Amino acid sequence: MATQLRVVSVLPSATEMLFFIGGGHLLVGRSHEDNFPASVTALPVVTGQTTEYTTAKEVDEVVSASLAAGNSLYTVDSALIKELRPDVILTQDICSVCAIDLETVERLASTMDPKPKVVSLNPECLDDVLANILQVWGPFVKHCSASYMYIP
């Protein structure tokens, strides 16, 4: 019997896509921003934010200062991710301000044995979002119960 895939998602939209295709049971770790579906909040958190703010002005000031200093806005719990032993890490490469950057995820993955597959989702329009759902579905199709998913 094949072993079940283990997935870590550091991107909330990827987490939601995984649940949408019936693969939520594969998820073993999530980002600090994941909150849907509610059951995901019971999973280990593998990322964090380095900033705190309450106003739009503070957001701009803190983010600008962090980026100018070359600092990431996020933390990654590398030890926890290694302990979770994911086969796949779901991430993105559109915005280093919005979530963990691809380079950080790939650098971590390269230190792991076995090395997990890194799947980066980078939608720029609605067609891309729909293509990303299929991209997420591909590696997991044998492990998902997406009987309610409709793909024309």
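Residues numbered from 1 in each chain as written. Predicted model: local features only at pLDDT ≥ 70, side-chain atom pairs only at ≥ 80, totals over all residues. Heavy atoms only, no water.

### Describing the overall build of the chain
What the chain contains, in helices and strands, is five helices and six strands. The secondary structure elements of the chain, listed N-terminal to C-terminal, are β-α-β-β-α-β-α-β-α-β-α. Relative to its 152 residues, the chain shows a buried fraction of 40%. Within the chain, contacts between residues separated by at least 24 positions form 58% of all contacts whose residues are at least 6 apart in sequence. Accessible surface, the chain: about 8,600 Å² in total, of which carbon and sulfur atoms supply 55%. (Helix = DSSP H or I, 4+ residues; strand = E, 2+ residues; numbered from the N terminus. Buried < 20%, exposed > 50% of the residue type's maximum accessible area, 1.4 Å probe, protein only. Contact = heavy atoms within 4.5 Å. Areas by Shrake-Rupley, 256 points an atom, 1.4 Å probe, with all protein chains shown as cover.)

### A few points about the state of the cysteines
This structure, assessed with the given rule, holds one disulfide. One disulfide bridge connects Cys 95 with Cys 98, the sulfur atoms lying 2.4 Å from each other. Its S-S torsion of approximately 70° makes the covalent link between Cys 95 and Cys 98 right-handed. (Disulfide = S-S within 2.5 Å.)

### Notes on the pattern of salt bridges
Evaluation of the coordinates by the stated rule reveals two salt bridges. With its nearest N and O atoms 3.6 Å apart, the salt bridge here joins Glu 61 to Lys 57. Of this pair, Glu 61 and Lys 57 both sit in helix H2 (residues 56–68), separated by four residues, roughly a single helical turn. Of the charged contacts, one joins Glu 103 and Arg 107 as a salt bridge, the two residues approaching to 3.2 Å between their closest N and O atoms. One end of the pair, Glu 103, and the other, Arg 107, are both in helix H4 (residues 102–110), four residues apart, so they sit about a helical turn from each other. Owing to a relative accessible area of 54%, Glu 103 belongs among the exposed residues under this scheme. Accessibility expressed as a relative area gives 46% for Arg 107, which makes it partly exposed. (Salt bridge = Lys/Arg side-chain N within 4 Å of Asp/Glu carboxyl O.)

### A few points about the side chain of Thr 15
Tracing the chain through its elements places Thr 15 in helix H1 (residues 12–20). Apart from residues lying up to four places away in sequence, Thr 15 is in contact with Ser 9, Leu 27, Asp 34, Phe 36 and Val 40.

### Concerning the nonpolar core
For soluble globular proteins, nonpolar side chains are generally found buried alongside one another. Of all hydrophobic cores here, the largest spans 18 residues; its most connected members are Val 7, Leu 18, Leu 27, Leu 90, Leu 121 and Val 136. The biggest single contributor to this core is H1, with four residues. Counting 15 residues, the second-largest nonpolar core is a separate cluster that includes Val 10, Tyr 74, Ile 89 and Met 112. (Core = buried A, V, L, I, M, F, W, Y, C linked by side-chain atoms within 4.5 Å.)

### What to know about the sheet that holds strand S6 (residues 117–121)
Spatial strand order, S2-S1-S5-S6: four strands in an open sheet with parallel pairing. The open sheet has two edge strands, strand S2 (27–29) and S6, and neither has a second partner. Strand-to-strand twist of the sheet, defined as the mean angle between neighbouring strand axes without regard to direction, takes the value 35°. Bridge analysis of strand S1 (residues 7–9) against strand S5 (residues 88–92) gives three bridges, and the strand direction is parallel. When the bridges of S5 are listed, Ser 9 appears paired with Leu 90. (Pairing = 2+ DSSP bridges. Axes fitted to C-alpha atoms, helices over the stretch in contact; angles between N-to-C directions.)

Without other data, these values stay purely geometric and don't point to any function.
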